[in-house]
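Chains, contacts and geometry: an overview
Now for the letters of each chain:
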Amino acid sequence: MARKLVFAVNGERFELAEVDPSTTLLEFLRTQTRFRGPKLGCGEGGCGACVVLLSTYHPVSEQVKEFSISSCLTLLCSINFCSVTTSEGLGNSEDGFHPIHQRFAGFHASQCGFCTPGMCMSLFSALTNADKTSRPEPPGGFSKITKTEAEKAIAGNLCRCTGYRPIVDVCKSFAADVDLEDLGLNTFWKKGNKDATVCRLPCHSHKRICTFPEFLKSEIKSSMDILDNFKNTGLPECQWYRPTSIEELYELLNSDAFLESHVKLVVGNTGSGVYKENDVYDKYIDLKGIPELSVIRRDSGGVSFGAAVTISMAIEVLKQKNESELHSDERLVFSKIADHMDKVATPFIRNMASLGGNLIMAQRSQFASDVATILLAAGSTICLQTASERLVLPLEEFLQRPPCDDRTVLISIHVPFSTSVMESSSGANGCIDSEPTKEADILFETYRAAPRPLGNAIAYVNSAFLAHVTSYNISGDLVIHNIHLAFGAYGSEHAVRARKVENFLVGKPVTACVLLGAIKLLKETIIPNEHTPHSRYRSSLAIAFLFKFFQPLLKDLSVPEKNVQMSVSSAAATIENSNGCISGFADDLPHKALNVKQLDQVNNPDLILSSEQTVEFCKDYHPVGDPIKKTGVELQASGEAIYVDDIPSPKNCLYGAFVNSTRPLAHIKGIKFKSTSSPQKAFTFIGADDIPKGGQNVGLSWIFGTESLFAHSLTECAGQPLGIVIAETQRQASMAAKQADVQYCTDNLEPPILSVEDAVRRSSFFKVPPFLCPQKVGDLSKGMAEADHKILSAEVKLGSQYYFYMETQTALAIPDEDNCILVYSSTQCPEMAQDTIAKCLGIPAHNVRVITRRVGGGFGGKGPRSVPVATACALAAFRLRRPVRMYLDRKTDMIMTGGRHPMHINYSVGFKSDGKITALHVDILVNAGITVDVSVIMPQNMVSALKKYNWGALSFDIRLCKTNFSTKSAMRGPGEVQGSFIAESVIEHVASFLSMDANSVRKKNLHTYDSLMLFYEGSAGDAPEYTLPAMIDGLASSASYFDRLEIIRHFNSCNKWRKRGISLVPVVYQVTLRPTPGKVSILTDGSIVVEVGGIEIGQGLWTKVKQMTAFALGQLWGDGSQNLLDRVRIIQADTLSLVQGGFTAGSTTSEASCEAVRLSCNVLVDRLKSLKQSLEDKIGSISWDTLIFQANMQSVNLSERTYWVPEDASISYLNFGAAISEVEVDVLTGATIILRTDLTYDCGQSLNPAVDLGQIEGAFVQGIGFFMCEEYLENSDGLVISDGTWTYKIPTIDTIPRQFNVKLWNSGHHEKRVLSSKASGEPPLVLACSIHSATREAIIAARMEFSSATGPDSSSSFQLEVPATMPVVKELCGLDNVEKYLENLVDPELVKRIGAATALEVRATGIPYVFAPCIAVCRDPRWGRCYESYSEDHNIVQQMTEIIPGLQGDVPAKYRKGVPYVSGKEKVAACAKHYVGDGGTHNGINENNTILNRAGLLSIHMPAYLNSIIKGVSTIMVSYSSWNGVKMHANRDLVTGYLKNTLRFRGFVISDWQGIDRITSSPGANYTYSVQAGISAGIDMVMVPYNYSEFINDLTSLVKKNVIPLSRIDDAVGRILRVKFTIGLFENPLADLSLVDQLGKKEHRDLAREAVRKSLVLLKNGKSTNDSFLPLPRKAAKILIAGSHANNLGYQCGGWTIEWQGDSGNITVGTTILDAVRSSIDPSTEVVYSENPDSNIVKGNDFSYAIVVVGEPPYTETAGDNLNLELPDPGPSIIQTVCGTIKCVVIIISGRPVVIEPYVPLVDALVAAWLPGSEGQGLTDVLFGDYGFTGKLSRTWFKSVDQLPMNVGDKHYDPLFPFGFGLTTKPTSGRSFSSNLRIVKHMKGSN
Ligand SMILES: Cc1cc2nc3c(=O)[nH]c(=O)nc-3n(C[C@H](O)[C@H](O)[C@H](O)COP(=O)(O)OP(=O)(O)OC[C@H]3O[C@@H](n4cnc5c(N)ncnc54)[C@H](O)[C@@H]3O)c2cc1C
Ligand code: FES
Ligand code: FES
């Protein structure tokens, strides 16, 4: 008996004997069943419109599994014995709607409704599975789902209308952990009232739906064999095979029937969404029947997954493993893998997609797989069956093999336990000898950067890192023992391990320096293949990920970057540290964060969206003004609403598919169809030659021109239709169209016009009719003359945007008698379609009936662009005399429909210094494409939007370029979006030019009512109607704009890698009303039918019209007693029923339709009024039904049609709104997260606030798409290559504002508006520009942060492209910011170079030894030696030990650790000092006691000694100080025990000067004891400056008496000799004269100068944020240089220079600061120097500014100890005298922080210059802007000394300037502006 395919759909049984095995479930459902809920949105798994629930049943366990799938990819044969549930199956109009449907309706979560059934099914699946869990029962009415899961439920479903917020509310309404009151506007309860309870919601009960019918269970059970095995062995008759073992599979494959066949192995078939195959397969083999491929096994080494295991199942198992008793390392790895897999595709894809399918695609077809990358890092192996053998291979090897053939089967994947992988292959060697003090740890992290954080987007790069590290508590370093670094998706053949980098890292400590080295190697590894888009960005991402992985582990990076966890919006910002405390700053990143925690929200978006809607209801015209739910919304949700493609195909229906040109301009020589392996059953081809006689080749005809339907002999753009292929099914037609082989020829043709510049060169323009030409405002030359500054010829470029309506273009044409034709079209302009079809067919218009019921999203794209589709369909039907339908596939739709107009803009603007703009001129070249379409309206729309600001004078030149691109048409806000963006660009440019805040420039140029009247003559309305200023103020206050601005500044100052920006953008949007018809008819039963010109495209037109009808007719009853709402039905548009329907566009169709209906109703009311009166007079009060019955009886005309023509005076009006958006940019990846948007929009008295709210939010989110994510790419022929869901990314749930607050501003009564309402459809879209502007602000902050690293480019002068995608944002933040940051931060090279220069200078004197470096960690600046210490943070001190290889040379790789090393004659022996803890003495007193426990001593003061020893330091000097009372010189435990024995130091230990004398409290009091104690402690060499004979005698005697053993002396001598030999002292005892030229060498001075400029720390710059004082201008009339340290080289140098305690004056060769200033400024600047100027000098001169240099006098140890740290006199008085009068920068010359707080407010800028030594020019380099300030405080700057000691990390840390603080400036010399914003001229006060 033939096997049949048996399954159920919504409980109905289907049995099919014959099925084409390539049939998808969606195709079957839509064409062979009555169910239309699943829609076709993309056909590639990317949109979710087709989602259904699939249920499987296990006859033994009796378990039903239910999960969502995309029916467009699922093959029908694969669902044998399964049950399918569509949205109709949940509920419907007959059986009652499901609570999900009802909640979609009540929360206003459906507009066009095309996405809604798929959304419902995704949500249903999530609820069903949550309810199956063992979680505790939720309160009644709720599901077990959590609100986070609920939000994620629809993460992969696209919606183009709603903006998602209400859909999220629906989802969350099922979660028990949600606060229902937080949910948005709905019909279930009133906002604010306390009645938001679950019982008001349609009740949720998961038991209501039976997803697997009993009959199917019985059938399955009855087909079980004797062993209780259920056999589902395929459908061989359908060429669908389902082997049950590998042997059976190969038997099949090797059988004769298969050898010749084109066979496809399938599991989930989701791969066909990736690779849209043209191939037709003869046979399919379903691998799911092979148990081996579906098994999941855990063994001692890891977990094995059969290759057919789905990604969802793998996630579930990995998460379960996570919960089990696994080792924590394994748990970590498994849970991270599961988390990453959760971002692969979407739930409905993951439920079908197999691991094996994914890996095969990665291996065979270079698929950018995530699975391969993460499993590669985890060290996975795979098991492979080829035709001849079974292999077990490392995944890496598998990926590297040649692509496997189609008969190789992947059997399983083994993911090993990480511990076994890491330990078995540990590569660490050459580590230091000391023992690790902490157990080894496993680190694992995965990363992906993709346009959508939650998935449904292929990553630009993905990566996963597995590391095995050990921590050492002495150095605090983590050492890498083994590491796997896997990268994928970056444009390589497959995922790779970065082996070179791994090898480099193994055995190394995790330091910034090592990381930098690794990054350099990584750059050589991660090189995307040629032609990979954004390849530089991708490489930079790989680096960013490595940095992210290591950053929390790097001690030296732990401080500057704060672990700041801010709540989503800065408005509610509290900055919480990891302890949950609330403070201005948070804790440092965990030092050794072994479980690397992701802090960035961008990669881990906290999806909990929140929102608030503020709506004022108006009851004046009830039910108009009520937020009633959308008409027919439940039908939309259940899938019963009929769209054009849902109309059942008439008998004999044929299907059409376009053949499109791929060339921009070419003769068409012919079209052939390639023969394929299987016949495509193409019926015929219809082209221009098929136009009937009398007809025309016209695809669009309207007042502004016509365009051809098909290219005839010449194609004029890529994407242009050449004809249609007709076939028996849509799939056949589409496949046949793909086989078209078009022969082109370009002989005698000019090159195509593929840019607007080409169009200008060739004068190729469309003419704009004079009545559509906008008017200039004011006098441009006058405005320019008034300007203080001008920016001339700045450029902006804007690209296109595709409509991405969920329902693509579609039509169904049915020929009728007598040359008539009926066309169902999804169009916004049926009348235009009717007219065009009539012309094309050569028949009168009355022969053409175009019907449109509802449109699955339009946004302008179903306007004129729908007409060619309807016409082509009509032509084919007319020609073939059979019904023809077309439903464009997404790609065809995208390549031929065009979209928003791209344009090039060039502007010149004049403005005052305060930001007031006086004149603007704009030249715009609009790319209109090949035909004119509606492009003629563009100039007017753009100018109208541009006028939103008062430019003083405005002029423009706008040209519509005719190019060889597809026709561009109107898209929501056509021209207005661009015009408004140009306006904002100008504002931002002016702001950045003036270094002003963009928002204050906006405010400055906002219209007054007078200027509004001038700019919008005739549309401005009366003064009270100008609500914008009040709205902006209200919004700024309700959104706490100014507070947040401050918080954001604060956030940005303590976060390096995340930057926030906020922006407030207004909109002024002019709309125009058009004449519109409306017809109201009352039927005998009192029901009312309404027809309007407008089309329901999701915007709620029918709902508003219904309300208006009910209101207008209800007026008959003054008391409102008759509720007519439910009596009204709006019916489809029919061009023969209601003529002059016009088109639906421009935001005003709803109100115009309402008005037309109102007028019709008024006529009817007039007709009925007297009858009603007379009836009431007779019988008392009557009902509507009675009245209508009587009216009929009395032959009253109960139908009225009105054609409403708006009056000239009220034909156009202005709409106002404003939005504040706040974003956060991940500087490492370029990802932007929209934290919050607050939007206020003036709807007048809204006709339906729920509908308007939906319009506002939906438009805004569509705007997010344009400004942020929708990248519209074309190839060099102009063919669109962003042609599907894979490449064109509209916003999804995870890319909308986390907090979205919308207020409908009710501006009250508007005399001339329809019931005082205003439009809402388009204007809010423009406001999404606020996100773009906020992103720009965040980027400015990032560029400021890295300006020192990114070079002299201005941080604010750049153009942020539209859309601001991740690559664009990252590029502007600096693709190499990580490297630059590390180089800048560590600059080990600089320290090393200083060491090398010092060595040369010292060697040149003949001395081979230096007492450097000082590696004391100064914890109290009162210590006089603090200036010698690099930092209070031992991490920095450790880094600075890099000076040792500079002094001594690099230790060779295999050199024994701990042994001194000096590399040659140009190097010197170094001395690390003073061992140990001398920076920690009590009160900072020199030679005092360090009171600290051992752990503290070892962790703070000891680490740098270990670094020094590793670097081969030759000697170590002992400190005078004591540790807990024990003199260090006598501390055997620390010197011998720790230094020599534990740390294995092999150089010699030297005492300090008279160090052993001071072992006794009175120096030398018991010298013999001192000698004994010191030498016994382990000192090898003793500094005895005077009485050395006493020392020799004492020591000799002590040795002779065996008090000191001879072995101690041998040890000392051995060490000393070792160092001497190392230095080469015996070979070269004398000075090397050849080095004499090294002394005071220029290069060394330059190096010193570089060190000076890099170490300067800018503490204040300007008295306010927007008013930077530095850099100083070189050119000024007169400047003052003052202060004790301005002209004193000795003071600059400090102690230990020439004299021990230093000295004053010209003690050495060098440049004083005064000299440096003199040589840096412009020669014309007069310099007045006065060391201590009196007020007469200060006041008596007109100084432009002053430089005050004050500080500490030189000192060294002991003398420098200072308990008050006050700025010595006359410093304070100089500051007061000078800075009180003149703008001044104060430079502090000191060895440490001093008391400065009292003077900070006085000064304009404050610089800590430390001790700049001889190189004063290092200061002026930065003061005058040759370089930027980059230095950061390496110690805390206290407020007052009583806070001391206070160090970073202390509990009560309250510094004046925190550790790590340092403002930056950008270099100004050679300042260049970005090429996009060319500033040709900058003039002040002149032309
Ligand atoms: C919309 C969408 C988004 C996606 N996003 C991502 C993403 O972000 N990251 C990511 O990594 N992946 C992504 N994917 C890819 C997805 O993971 C794969 O399509 C899926 O895993 C393939 O599994 P399948 O069972 O459907 O394979 P199928 O489509 O059935 O097969 C795919 C190919 O593999 C062959 N094959 C399958 N199994 C075997 C086997 N065991 N032995 C030999 N050959 C076999 C088939 O013959 C076919 O050639 C996405 C897919 C879609 C549709
Ligand atoms: S139609 Fe199936 S996912 Fe888009
Ligand atoms: S309502 Fe979601 S696409 Fe229209």
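As a starting point, this report considers the structure included with it. (Residues numbered from 1 in each chain as written. Chains lettered and ligands numbered in written order. Predicted model: local features only at pLDDT ≥ 70, side-chain atom pairs only at ≥ 80, totals over all residues. Heavy atoms only, no water.)

Scanning the entire structure with this criterion turns up two disulfides. Sulfur-sulfur distance for the disulfide between C1779 and C1784 comes to 2.0 Å. On the sign convention where negative means left-handed, the S-S torsion of about 110° between C1779 and C1784 marks this disulfide as right-handed. Each member of the pair, C1779 together with C1784, is buried. In this structure C961 is not part of a disulfide, and its nearest cysteine sulfur, from C773, lies 15 Å away. Owing to a relative accessible area of 0%, C961 belongs among the buried residues under this scheme. (Disulfide = S-S within 2.5 Å. Buried < 20%, exposed > 50% of the residue type's maximum accessible area, 1.4 Å probe, protein only.)

Attention now goes to the sheet that holds strand β2 (residues 12–16). A sheet is described by the order of its strands in space; here five strands give the open sequence β2-β1-β5-β3-β4, paired in mixed fashion. Taken across any chain shown, the strands that pair with only one partner, and hence form the sheet edges, are β2 and β4 (63–70). If you compare each strand with its neighbour and ignore which way they point, the axes differ by 25° on average. Pairing of strand β3 (residues 51–58) with β4, which is carried by eight bridges, proceeds in the antiparallel orientation. Residue pairing in the sheet places Y57 in a bridge with V64 of β4. Packing of helix α1 (residues 25–32) onto the sheet brings it into contact with β1 (5–9), β2, β3, β4 and β5 (83–85), and relative to β2 it is tilted by some 110°. (Pairing = 2+ DSSP bridges. Helix = DSSP H or I, 4+ residues; strand = E, 2+ residues; numbered from the N terminus. Axes fitted to C-alpha atoms, helices over the stretch in contact; angles between N-to-C directions. Contact = heavy atoms within 4.5 Å.)

The next point concerns the pairing of strand β16 (residues 461–471). Counting buried positions over the eleven residues of β16 gives eleven, a clear majority of the element. Burial along β16 is two-sided: V461, S463, F465, A467, V469 and S471 facing one way and N462, A464, L466, H468 and T470 facing the other are all buried. Pairing of strand β15 (residues 441–449) with β16 involves nine bridges; the strand directions are antiparallel. Paired with I442 across the bridge in β16 is H468. Summarising the sheet, β16 and strand β17 (residues 478–488) pair through ten bridges and their orientation is antiparallel. Residue pairing for β17: L466 is matched across the bridge by H484.

Taken in spatial order, the four strands line up as β15-β16-β17-β18 in an open sheet, and their pairing is antiparallel. Of all strands in the sheet, those with a lone pairing partner are β15 and β18 (496–497), marking the two edges. Running over the sheet, helix α12 (residues 328–341) touches β15 and β16 and is turned about 5° from β15.

Interpretation in functional terms is not warranted from these geometric data alone.
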